[in-house]
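# Fold and contact review
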Amino acid sequence: MNNIRIDHASASTEFNKDEAHVDWHDETLWFVRSKRDKAVFQIPEWEQLREAGSQIKNHVLSNMHDLLIAFEEKATQNGIKIHWAADASEHNQIILDILKNEGVNRMVKSKSMLTEECNLNEFLKEKGIGVIDSDLGERIVQMRGEHPSHIVLPAIHLKRSDVGETFHEHLGTEKGATDPQYLTEAARLHLRDTFLTRKVALTGVNFAIAETGGFVVCTNEGNADMGVHLADVHIASMGFEKIIPKAEHLGVFLRLLARSATGQPITTFSSHFHKPRAGQAMHIIIVDNGRTKQLGRPDFRNSLKCIRCAACFNTCPVYRRSGGHSYHTAIAGPIGSILAPNLNMAENADLPFASTLCGSCSNVCPVKIDIHEQLYKWRQVLVQEGHVSSVKSLGIKSMATVLSSPSFYRTAGKLGRFLMKNTPFVTNNNLNVWYQHREMPDVPKESFREWYLSREKGKKE
Amino acid sequence: MTSREKILSSIKKNQPDYQELNVNFKFESVFEDLYAKFADTLSFVGGKAVEVADYVAIKADVKEHYQGVLNIATTIPELSELADFSLNIDSPHELEMLNLAIIEGDFGVAENAAIWVSEKHLPHRVLPMITQYLAIVIHKKHILTNMHRAYERVQVNETGFGTFISGPSKTADIEQSLVIGAHGARGLVVYVLA
């Protein structure tokens with residue numbers, strides 16, 4: 001944990017200093033969760049749909065190799081150029097090469113968490129390429145030099161006054177303006193110009209269809225479509241786990257995705273790409289970046305079933321009260337906390353502990369990923385591999401020693417009760433993290449065992 | 001070894017044992033009145049359904065609601081008299097001027113008000129997004145119950161591009177306040193021919 005500049009707990013403490021803002025954040029995300037419930041309750045077969053989504057994805061994991069080969073063959077026949085990237089840097093380099101080949105130094109991009117994972121924007125900036133994110137929330141955080149704090153609602157950590165200030169500075173909107181309609185209009189005008197002048201556009205991929213060699217991109221704003229239909233080159237970046245066997249399986253996933261995400265019955269646009277339009281070039285980059293490794297971990301491979309709806313974020317009591325940036329990773333929330341340790345255990349060892357293990361994430365997951373169980377399992381792995389702070393592992397180790405010896409347990413209990421009663425400052429101080437937020441309980445006169453033994457004795461007499 | 005070979009061989013080594021796909025993944029949705037469900041859902045997602053008897057009625061409605069609006073284009077021959085903007089253009093960038101596009105949809109889906117629009121009827125892929133306002137014409141008998149029926153009906157690779165459109169473009173990225181008209185159309189009317 002020493003490698004983390006600021007861990008989840010410390011970042012959350014920072015986030016919680018503005019209590020009114022935390023309350024707003026908490027309530028707003030819970031509102032999104034409630035909208036999800038309303039949408040879900042209208043579908044009597046919801047649980048069967050989740051099971052279908054889960055089983056299709058289980059099948060995909062078990063047949064990944066053949067599905068990807070079938071997809072590559074079909075997509076190539078469709079006139080799409082397929083690239084394979086083993087890691088983030090190869091992915092970024094492929095994009096840079098395409099841009100150089102086109103002789104351009106700027107690009108428009110719609111939402112792609114994979115490019116966040118690969119740090120594409122920073123890489124291209126260093127190489128002198130200007131990237132503009134076209135999703136409104138992503139554009140807002142990009143202008144502020146931040147990263148998305150939520151995979152579906154990238155700017156959910158900001159208030160309208162923050163956005164107003166940012167737009168005043170970057171787009172010349174009126175100072176103090178906070179009306180979302182007015183601010184969105186300003187972004188619309190600014191980004192229309194971007195769409196009309198960029199020759200290369202990048203999108204993510206929600207689903208790639210092995211049977212037909214095409215892919216689906218879902219947006220509400222229409223920004224992915226605006227970007228690619230006006231550009232000469234369309235680049236689509238996908239993690240290989242986005243593959244599904246057949247188009248008819250989209251019936252399941254498109255019914256699950258938006259309802260789980262925002263409570264909409266479907267996103268405004270669900271665009272199916274199979275061939276470049278006349279005169280256009282289309283590239284797909286299939287990315288590994290740690291996914292093959294995750295596929296090989298039986299306890300954690302199910303995390304690759306994720307369809308990025310963020311239902312687990314919205315329902316998570318820890319996420320809602322700590323904010324996405326506390327997770328210091330491209331994908332925050334419960335699902336991010338089981339994906340990130342696979343990429344780098346040392347840097348992300350704090351994340352599986354950012355949970356109460358309440359299980360709400362697993363209950364809302366549209367493809368039935370056992371998220372809270374994986375969080376629990378990651379904790380074991382991280383302790384075993386020595387990635388947990390010495391204080392935490394020392395505490396756990398001493399607890400193990402005490403609990404494994406009955407006489408030691410009894411003596412320790414007696415000593416504890418004596419100290420808490422006679423020298424309360426030993427526990428009632430700020431070194432005790434428990435005491436920071438609570439009063440210590442009153443000390444019982446005797447232990448349960450002592451009480452039980454004297455009761456038994458009384459019975460006999 | 002290329003990255004392709006490296007990735008594929010690791011996948012082969014690491015993927016779990018083959019698991020047959022034998023789960024039921026198609027479900028029935030039952031609605032008393034398909035059109036009413038479609039129209040309700042469309043209004044929930046920010047669009048508006050207008051039931052019309054014929055193309056004459058569509059023309060009358062467009063003339064009434066878009067009075068004085070210039071730069072109107074349509075892909076539907078029956079409505080060509082409404083158009084003052086030709087879609088016979090060299091570059092899709094020229095569509096930036098467009099105020100209203102009236103296009104044909106293949107079919108609608110009652111559960112989510114999605115309409116399938118594809119290159120079969122679209123001369124330019126960007127047309128439904130770049131126009132300031134969008135109108136789609138579908139036939140009442142072409143309203144299906146749910147997405148399972150939709151994918152039975154559509155062959156997604158029949159053309160190079162097709163999309164389900166459900167309502168006008170929208171965003172709630174500023175404090176979760178819904179704003180209609182993000183980057184795509186600011187309004188959507190669906191004319192449903194009896």
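Quick caveat: nothing in here was measured; it's all calculated off a predicted structure.

With that settled, the discussion passes to the overall build of chain A. A tally of regular secondary structure across chain A gives 22 helices and ten strands. With the C-alpha coordinates of chain A rotated into their principal frame, the extents come out at 95 × 55 × 45 Å. Residue burial in chain A is summarised as follows: out of 461 residues, 50% are buried.

Let us look at the overall build of chain B. In terms of helices and strands, chain B carries five helices and eleven strands. Taken over the C-alpha atoms alone, chain B extends approximately 65 × 45 × 40 Å along its principal axes. The proportion of buried residues among the 194 residues of chain B is 47%. Long-range contacts, defined here as pairs at least 24 residues apart, represent 71% of the contacts in chain B between residues at least 6 apart.

Bringing the interface of chain A and chain B into the picture now. Counting from both sides, the interface comprises 71 residues of chain A and, opposite them, 60 residues of chain B. Counting residues per element, the side of chain A that touches chain B draws most heavily on helix α3 (residues 46–62) of chain A, at ten residues. The pairing of strand β9 (residues 269–273) of chain A with strand β8 (residues 161–165) of chain B spans five bridges and is antiparallel. Bridge assignment links Ser270 of chain A to a residue of β8 of chain B, and that residue is Phe164 of chain B.

Before going further, it helps to spend a moment on unusual backbone geometry. Apart from glycine, the bulk of residues carry a negative phi angle, and the bulk of peptide bonds sit in the trans form. Residue and element names in this part refer to chain A. With a phi close to 55°, Asn119 is a non-glycine residue in the positive phi region. Mapping Asn119 onto the fold places it in the loop between α6 (113–117) and α7 (120–126). For Asn119, a count of 16 C-beta atoms within 10 Å translates into the label partly exposed. The backbone of Leu357 shows a phi angle near 60°, a positive value even though the residue is not glycine. As for its placement among the helices and strands, Leu357 is situated in the loop between α16 (333–343) and α17 (360–364). Here Leu357 falls in the partly exposed class, since 16 other C-beta atoms lie within 10 Å of it.

Here we take up α16 of chain A. Residues and elements named next belong to chain A. Of all eleven residues in α16, nine are buried; the element is thus mostly enclosed. Among the residues making up α16, those that are buried are Gly333, Pro334, Ile335, Gly336, Ser337, Ile338, Leu339, Ala340 and Pro341. The elements touched by buried residues of α16 are α14 (311–315), α15 (317–322), α17 and α18 (371–384).

All names here are of chain B. Ordered by their spatial adjacency, five strands build an open sheet running β1-β11-β6-β3-β2, and the pairing between neighbours is parallel. Two strands bound the open sheet, and with one partner strand each, they are β1 (48–52) and β2 (72–74). The average angle at which neighbouring strand axes cross in this sheet is 20°, direction not considered. Here strand β6 (residues 133–139) runs beside strand β11 (residues 187–193); their pairing, made up of seven bridges, is parallel. Bridge pairing in β11 places Leu134 opposite Leu188. Packed onto the sheet, helix α3 (residues 55–65) meets β1, β3 (100–104), β6 and β11 and runs at close to 135° relative to β1.

Another point: the nonpolar core. In terms of nonpolar packing, the biggest core is built from 176 residues, with Phe215 and Cys312 of chain A together with Val190 of chain B touching the most fellow members. The residues contacting Phe215 of chain A, other than those within four sequence positions of it, are Val205, Phe207, Ala208, Ile209, Ala236, Phe273 and Ile284 of chain A.

The next point concerns the sheet that holds strand β4 (residues 107–109) of chain B. Strand order in the open sheet made by the eight strands is β8(A)-β5(A)-β6(A)-β9(A)-β8(B)-β5(B)-β4(B)-β7(B), with mixed pairing throughout. Among the strands making up the open sheet, the edge pair consists of β8 (243–244) of chain A together with β7 (143–144) of chain B. Pairing of strand β5 (residues 207–209) of chain A with β8 of chain A involves two bridges; the strand directions are parallel. When the bridges of β8 of chain A are listed, Ala208 of chain A appears paired with Ile243 of chain A.

Residue and element names in this part refer to chain A. Here helix α19 (residues 390–404) crosses helix α20 (residues 406–422) at 110°, and the two axes come no closer than 5 Å. Of the possible angle classes, the one that applies to α19 and α20 is roughly perpendicular. For the pair α19 and α20, contact is made by Thr401, Val402 and Leu403 and by Phe408, Tyr409 and Ala412, respectively. Across the contact of α19 with α20, the residue classes break down as five nonpolar, one polar and no charged.

This part takes up the packing of α3 of chain A against helix α12 (residues 250–261) of chain A. Residue and element names in this part refer to chain A. Remark: α3 packs on α12, axes separated minimally by 10 Å, with the N-to-C direction vectors making an angle of 120°. Classified by the interaxial angle, the pair formed by α3 and α12 is oblique. Crossing of α3 over α12 shows left-handed handedness. Counted together, Leu49, Arg50, Ala52, Gly53 and Ile56 of α3 and Val252, Phe253, Arg255 and Leu256 of α12 form the full contact between these two elements. Class assignment of the residues belonging to the contact of α3 with α12 gives a composition of six nonpolar, one polar and two charged.

This next bit is on the confidence of the model for chain B. Mean pLDDT over chain B stands at 97; residues scoring 70 or higher make up 100%. The ipTM for the predicted assembly is 0.98, set against a pTM of 0.93.

Within the secondary structure layout, Asp7 of chain A lies in the segment before α1 (8–15). For the pair Asp7 of chain A and Tyr327 of chain A, spaced 320 residues apart in sequence, the C-alpha separation works out to 7.7 Å.

Right, let's get into the environment of Ile94 of chain A. All names here are of chain A. Tracing the backbone shows Ile94 in helix α5 (residues 88–102). Looking at Ile94, the number of C-beta atoms within 10 Å reads 19, which means it is partly exposed. In the structure, Ile94 is positioned eleven residues away from His83 in sequence and 7.8 Å away in space, judged by C-alpha atoms. Once residues lying within four places of it in the same chain are set aside, the contact partners of Ile94 are His83, Ala85 and Ile285.

Definitions and limits used
Residues numbered from 1 in each chain as written. Chains lettered and ligands numbered in written order. Predicted model: local features only at pLDDT ≥ 70, side-chain atom pairs only at ≥ 80, totals over all residues. Helix = DSSP H or I, 4+ residues; strand = E, 2+ residues; numbered from the N terminus. Buried ≥ 20, exposed ≤ 12 C-beta atoms within 10 Å, placed from the backbone. Contact = placed C-beta atoms within 7 Å. Pairing = 2+ DSSP bridges. Axes fitted to C-alpha atoms, helices over the stretch in contact; angles between N-to-C directions. Core = buried A, V, L, I, M, F, W, Y, C linked by C-beta atoms within 7 Å. Parallel < 35°, antiparallel > 145°, perpendicular 65-115°, else oblique. Nonpolar A, V, L, I, M, F, W, Y, C, P; charged D, E, K, R; others polar. Left-handed = near helix turned anticlockwise from the far one by under 90°. pLDDT = per-residue confidence, 0-100.

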